[in-house]
Amino acid sequence: MTTGGTGTSSAPSALSVLAVDAGNSKTDVAVVTADGRVLGTARGEGFRPPAVGVDPAVDALAVPVKEALAAAGLTAVTHVSACLANADFPVEEERLGTALHARGWGARTEVRNDTFALLRAGVTEPYGVAVVCGAGINCVGMRPDGRTARFPALGRLSGDWGGGWGLAEESLWYASRAEDGRGEDTALARTLPAHFGLSTMYDLLQALHLGEIPGHRRHELSPVLFATAGAGDRIARALVDRLAEEVVTMATVALARLDLLEAEVPVLLGGSVLAARHRRLDDAVRTLLAARAPRATARVVTSPPVLGAALLGLDHVGAPAEAKERVRAFFEGGSGGGNRHGG
């Protein structure tokens, strides 16, 4: 969603882009020119408007934005390209776009869901589908003509299954039932509590319930699930296989919506769970995708998503291909993603 034309910004005469990748846990910001020079970068805290409200979330976002602009020697840019967590519906993109544009950081402001940043970071043109599996799971697709495909990605409320948090909860469910006799035996009943130095699921449940183990540490159980699956446990393997099915289902639905199911098209895999390249999950995703979209090519993206936000901004201002490659070389060469100095 693009906003512009009526803000209070004083954009520079030279074309420039403020790129923002704001996730739940951290925010990366970069200022780039239309010829591909990175003038300044900064890193800030997570972007969580549902938890703190839009204005406080944008206030927090302003800290790294002002730092990056200062490093670049600018007070505003031509175009703000912001890829934001929690922008799950177009109406949320519009509201957040209005809030960001009111800060006067750019003559125009475009807000997208942060999954688009990962997709654009992995391709040389805005073409393909990306599935992100980190704490949660999401999928988007785009074509150069501007068509997109997306999902609400609100968790179980919107039909999602998977992500590190969901895998941890499923693992706890099966392990609890295995220990008390309601379900099939699984090594998860032993490996999950052992991760926290405990002997039984009963002890682990009590510790989680009483806050002796902080709730946010549940995400640590996702790698335990993959390790248990790798050791041959049937329940753990079934959960990994189900995640592969979900990943490929989202990707193929997005491809179908964009009329790309029969096309040669990249399918990008990102987020902490998919980027870890767990062998069983990675193999299953590629096998299922080859059966359902034979001409699609799956690959893992590890480039910083702020690169994608920058490339989307350069697309918007009509920057040449060599400028985009210059920006890509900066971030993929290890110079970006949170550094405090210009390129």
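Reading the values: the criteria
- Residues numbered from 1 in each chain as written.
- Predicted model: local features only at pLDDT ≥ 70, side-chain atom pairs only at ≥ 80, totals over all residues.
- Heavy atoms only, no water.
- Helix = DSSP H or I, 4+ residues; strand = E, 2+ residues; numbered from the N terminus.
- Rg over C-alpha atoms; globule rule 2.2 N^0.38 Å.
- Buried < 20%, exposed > 50% of the residue type's maximum accessible area, 1.4 Å probe, protein only.
- Contact = heavy atoms within 4.5 Å.
- Lys, Arg positive; Asp, Glu negative; His and termini not counted.
- Charge placed at Lys NZ, Arg CZ, Asp CG, Glu CD.
- Polar contact = N/O pair within 3.5 Å; in protein donor to acceptor, adjacent residues only side chain to side chain.
- Patch = residues over 30% accessible without salt bridge, like charges linked within 9 Å, V, L, I, M, F, W, Y side chains within 5 Å.
- Areas by Shrake-Rupley, 256 points an atom, 1.4 Å probe, with all protein chains shown as cover.
- Salt bridge = Lys/Arg side-chain N within 4 Å of Asp/Glu carboxyl O.
- Pairing = 2+ DSSP bridges.

Enquirer: Hey, could you run me through the overall build of the protein in this one?
Expert: For the protein, the helix and strand inventory stands at 13 helices and eleven strands. At 21 Å, the protein has a C-alpha radius of gyration in line with the 20 Å of a compact globule built from 343 residues. Taken over 343 residues, the protein has a buried fraction of 53%. For the protein, contacts bridging at least 24 residues in sequence account for 69% of all contacts bridging at least 6. Mean positive and mean negative side-chain charge positions of the protein (34 and 38 charges, respectively) differ by 2 Å.

Enquirer: Would you take a moment to explain the side chain of Arg150 for this structure?
Expert: Within the secondary structure, Arg150 sits in strand E9 (residues 148–150). A distance of 3.2 Å separates a polar side-chain atom of Arg150 from the backbone oxygen of Ala87. Residues within four places of Arg150 in sequence aside, it is in contact with Ala87, Asp88, Phe89, Pro90, Glu93, Asn113, Phe116, Cys139, Val140 and Arg257.

Enquirer: For this particular structure, what's the right way to read a nonpolar patch on the surface?
Expert: Taken together, the side chains of Phe89, Val91, Leu154 and Leu157 define a hydrophobic patch exposed on the protein surface, amounting to about 380 Å² of accessible area. Inspection of the secondary structure assignment puts Val91 in helix H3 (residues 90–101).

Enquirer: What am I meant to see in the pairing of strand E8 (residues 137–142) here?
Expert: Put simply, side chains in a regular strand alternate between the two faces of the sheet. Judged by how many residues are buried, E8 sits mostly within the fold: six of six residues are covered. Of the two faces of E8, the one carrying Ile137, Cys139 and Gly141 and the one carrying Asn138, Val140 and Met142 are both buried. Two strands pair when backbone bridges link them, and strand E7 (residues 128–133) and E8 are joined in this way by six bridges, in the antiparallel orientation. Residue pairing across strands places Val129 opposite Gly141, the latter belonging to E8. In this antiparallel pair of consecutive strands, E7 and E8, the connection spans three residues. Inspection of the sheet shows E8 paired to E9 by three bridges, in the antiparallel sense. Its bridge partner being in E9, Gly141 is matched across the sheet by Ala149. Between the antiparallel neighbours E8 and E9 lie five residues, among them Gly146 with a positive phi of about 100°.

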